[in-house]
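The lines below spell out each chain.
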Amino acid sequence: MTTEPSLEPVGGPAAWTAESLGPAWRRPFTTAEIDELRSSLTAFRRSSQSHDLDTLTADNFPLPTHSAELHQLRSVLVDGCGVAAYEGFPVEEFSDEELRAIWWGVATTIGTPVAQSSRGDVIGDVRDFGTGIDGRAGRGYT
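Predicted model only: the values in this text are computed from it and were never measured.

A.B. asks: Can you walk me through the packing of aromatic side chains in this structure?
C.D. replies: One pair of aromatic rings is described through two measures. These are the centre distance and the angle between the planes. Going through the model one piece at a time under the given rule, you end up with 5 aromatic pairs. For the ring pair F29 and Y86, a centre distance of 4.9 Å and an interplane angle of 50 degrees mean the geometry is tilted. Remark: Y86 occurs in strand β2 (residues 85-87) and F29 occurs in the loop between β1 (26-28) and α2 (31-47); sequence separation between them is 57 residues. Ring pairs connect the aromatic residues F29, Y86, F89, F94 and W103, which therefore count as one cluster.

A.B. asks: Any chance you could explain the packing of α2 against helix α4 (residues 96-110) here in plain terms?
C.D. replies: When two helices pack together, their arrangement is captured by the angle between the axes and the distance separating the axes. With their axes 10 Å apart at the nearest point, α2 and α4 run at an angle of 100 degrees to one another. Judged on the interaxial angle alone, α4 and α2 are roughly perpendicular. Where α2 abuts α4, its residues L37, L41, F44 and R45 lie against E97, E98, A101, I102 and V106. Residues belonging to the contact of α2 with α4 are distributed by class as follows: 6 nonpolar, no polar and 3 charged.

A.B. asks: Can you walk me through the side chain of T109 in this structure?
C.D. replies: Structurally, T109 can be placed in helix α4. From its side chain, T109 meets the backbone oxygen of G105 in a polar contact 3.1 Å long. Once you skip the residues sitting within four places of it in the chain, T109 turns out to touch L63, S67, L70 and H71.

A.B. asks: Which parts of the structure should I look at to understand the side chain of E33?
C.D. replies: Checked against the element boundaries, E33 lands in helix α2. In this structure the side chain of E33 is engaged in a polar contact, spanning 2.4 Å, whose partner is the side chain of R27. Those residues in contact with E33 that lie beyond four places of it in its chain are R27, P28, H66, E69 and Y86.

A.B. asks: Would you explain the pattern of salt bridges in this entry?
C.D. replies: If charged atoms from side chains of opposite charge come close, those side chains can pair. Under the criterion given, the structure shown has 6 salt bridges. Between E69 and R27 there is a salt bridge; the shortest N-O distance is 3.3 Å. Of the two residues, E69 sits in helix α3 (residues 66-79) while R27 sits in strand β1, which places them 42 residues apart along the sequence. Residue classification places E69 among the partly exposed positions, given a relative accessible area of 26%. Between R38 and D35 there is a salt bridge, and its shortest N-O distance comes to 3.1 Å. With a gap of 3 residues between them, R38 and D35 both fall in helix α2, about one helical turn apart.

Rules and cut-offs
Residue numbers here run from 1 along each chain, matching the order of that chain's written sequence. Where local features are concerned, this predicted model is filtered to residues with pLDDT of at least 70; where side-chain atom pairs are given and counted, the filter is 80 or more; whole-chain, interface and lining totals use all residues. Hydrogens and water molecules were not included; the side-chain quantities draw on all heavy atoms of the structure. Side-chain rings of Phe, Tyr and Trp (the six-membered ring for Trp) are treated as a pair once their centres are within 6.5 Å; stacked means planes under 30 degrees apart, edge-to-face means over 60, and tilted covers the remaining angles. By definition, any uninterrupted DSSP run of H or I lasting at least four residues is a helix, any uninterrupted run of E lasting at least two residues is a strand, and each is numbered from the N terminus. Helix axes are fitted to C-alpha atoms over the stretch in contact, other axes to C-alpha atoms as well, and angles between N-to-C directions run from 0 to 180 degrees. When an angle is under 35 degrees it counts as roughly parallel; over 145 it counts as roughly antiparallel; between 65 and 115 it counts as roughly perpendicular; any other value is oblique. By the convention used here, residues are in contact when the closest approach between their heavy atoms is within 4.5 Å. In this classification, Asp, Glu, Lys and Arg are treated as charged, Ala, Val, Leu, Ile, Met, Phe, Trp, Tyr, Cys and Pro as nonpolar, and every other residue, Gly included, as polar. Between N or O atoms, a polar contact is any pair within 3.5 Å; within protein, one atom must be a potential hydrogen donor and the other a potential acceptor, and residues adjacent in sequence are included only when both atoms are from side chains. Any Lys or Arg side-chain nitrogen found within 4 Å of a carboxyl oxygen on Asp or Glu counts as a salt bridge. Each residue is placed in one exposure class: buried if its accessible area under a 1.4 Å probe, protein chains only, is under 20% of its type's maximum, exposed if it is over 50%, and partly exposed if it falls in between.

Following this line, the structure appears as structure tokens:
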């Protein structure tokens, strides 16, 4: 026997519309933040021989200036509206491997990153791999 899901209205700060959210959920990266992420990537590469994401931690990817902002971001994501977007990161200046390390380093500062799929993907590429969305292996971003 299946139970019907509760259709209670969502309340609190996570109950937003595009109009009520306004532009506050989006903000550009500052030059200082980008420079600090570059420095953190260099520090991680020096501290880890393998450069595997499972060896990357907040300790070997230091963000001394940006970490305070990222802790505020965590509050927005967990206790606030639940959505935020940073814009203007120069992705073209980095390899895919470097970008994965940067985003993983940011994630370790915000919280505890975990696998995002049954395959153990920790970072998913948003690309059309032709996998479809049906079935157990289906992921909308592939």
